[in-house]
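So the chains spell out like this:
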Amino acid sequence: MRRLWTPAWIARHVAMVVLVVGFLGLGWWQISRATAGNSLSWGYAVEWPIFAGFVVYVWWREVKLARRRVAEADAPPAEQAVEPEPAVTSGSRPGVRRPVRVHRMPATGDAVEDNDLAAYNHYLSWLNANPGARPGDYPG
């Protein structure tokens, strides 16, 4: 709970209280306008308390998240048991395993050259070689 009383969290608590009180005050003001004959204010009178409820919800969610992070940080790390991978027998379905990282090798040999791609790459290399130039200065 000490981490919820840092200067940043105090600012969040104060902002939440100010917003909720302000939104509820605006809702009360809209009710007074609606009873005076402004029919549009009935919608706003319902809207402002909903905004206040949303602020309380977001604040509560952030407090819960912060408390959960503190609890996870304070908890001792659990030892993970290494399980041997089961042998795959014929006729059984293979289990889901970790993905395998594949290193890609650049293509060698004569590749079919795309003219549009080559022109675009030439344009990009020209822009890189001329950092102060504008795209309209391109000679190609």
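Coordinates for the structure precede this section.
A brief report on the enclosed structure follows. Throughout, a residue's number is its position along its own chain's written sequence, starting from 1. In keeping with the predicted nature of the model, local features appear solely for residues at pLDDT of at least 70, side-chain atom pairs appear and are counted solely at 80 or more, and the whole-chain, interface and lining totals rest on all residues. Remark: hydrogens and water are excluded; side-chain values derive from all non-hydrogen atoms of the structure.

### What to know about the overall build of the protein
Part 1: Numbering of helices and strands starts at the N terminus; helices are DSSP runs of H or I of at least 4 residues and strands are runs of E of at least 2. Assigned secondary structure in the protein consists of 3 helices and 0 strands.
Part 2: Reading the protein from its N end, one meets helices and strands in the order α-α-α.
Part 3: Only protein chains enter the area calculation, which uses a 1.4 Å probe; residues under 20% of their type maximum are buried, those over 50% are exposed, and those in between are partly exposed. Each of the 140 residues in the protein was classed as buried or not, and the buried ones make up 12%.
Part 4: We call two residues in contact when some of their heavy atoms are within 4.5 Å. Considering only intrachain contacts with a sequence separation of at least 6, the fraction spanning at least 24 residues in the protein is 45%.
Part 5: Of the roughly 12600 Å² of accessible surface on the protein, a fraction of 61% belongs to carbon and sulfur atoms. Only the protein chains shown count as cover for residues, and all accessible areas are computed by the Shrake-Rupley method using a 1.4 Å probe.

### Observations regarding helix α1 (residues 7-35)
Part 1: One fewer than the residue count of a helix, multiplied by 1.5 Å, yields its expected span. Its 29 residues place the ends of α1 42 Å apart at the C-alpha level, agreeing with the 42 Å of an ideal helix rising 1.5 Å per residue.
Part 2: Considered for burial, the residues of α1 that qualify are Trp9, His13, Met16, Val20, Phe23, Gly27, Gln30 and Ala34.
Part 3: In this fold, the buried residues of α1 make contact with α2 (41-74).
Part 4: Directly beyond the C-terminal end of α1, a positive phi value near 120° is found at Gly37.

### Observations concerning the packing of α1 against α2
Part 1: Two elements in contact, α1 and α2, have axes whose closest approach is 7 Å; the angle formed by their N-to-C orientations is 165°. The angle between the axes of α1 and α2 places the two elements in the roughly antiparallel class. The interaxial crossing formed by α1 with α2 has left-handed handedness.
Part 2: Each residue gets one label: Ala, Val, Leu, Ile, Met, Phe, Trp, Tyr, Cys and Pro are nonpolar, Asp, Glu, Lys and Arg are charged, and the others, such as Gly, are polar. Residue composition of the contact of α1 with α2, by class: 21 nonpolar, 5 polar and 3 charged. Axes, fitted as lines to C-alpha atoms, cover a helix only where it is in contact. Angles between the N-to-C directions of the axes lie from 0 to 180 degrees. Here roughly perpendicular refers to angles of 65 to 115 degrees, roughly parallel to angles under 35, roughly antiparallel to angles over 145, and oblique to all remaining angles. Here a crossing is taken to be left-handed if its near helix is turned anticlockwise relative to the far helix by less than a right angle, and right-handed if that turn runs clockwise.

### So, a nonpolar patch on the surface
Part 1: Patch membership requires more than 30% relative accessible area and the absence of a salt bridge. Residues of like charge join within 9 Å; the nonpolar side chains Val, Leu, Ile, Met, Phe, Trp and Tyr join within 5 Å. Note on definitions: salt bridges are taken to be side-chain nitrogens of Lys or Arg within 4 Å of carboxyl oxygens of Asp or Glu. A surface patch of nonpolar side chains, amounting to about 410 Å² of accessible area, comprises Trp5, Ile10, Val14 and Val18.
Part 2: Examined against the element boundaries, Trp5 turns out to sit in the segment before α1.

### Remarks on α2
Part 1: When the terminal C-alpha atoms of α2 are compared, their 50 Å separation across 34 residues agrees well with the 50 Å that a helix rising 1.5 Å per residue should span.
Part 2: Taken together, the buried positions of α2 are Ser41, Ala45, Trp48, Ala52, Val55, Val63 and Ala66.

### Comments concerning the pattern of salt bridges
Part 1: Taken as a whole and judged by the stated rule, the model has 2 salt bridges.
Part 2: Put simply, Glu62 and Arg61 hold a salt bridge, and the shortest N to O gap is 3.6 Å.
Part 3: Taking the shortest distance from any N to any O, the salt bridge between Arg134 and Asp137 comes out at 3.7 Å.
Part 4: The class of Arg134 is exposed, set by a relative accessible area of 58%.
Part 5: Take Asp137: its relative accessible area is 39%, and that puts it in the partly exposed class.

Function cannot be inferred from these measures alone, as they are strictly geometric.
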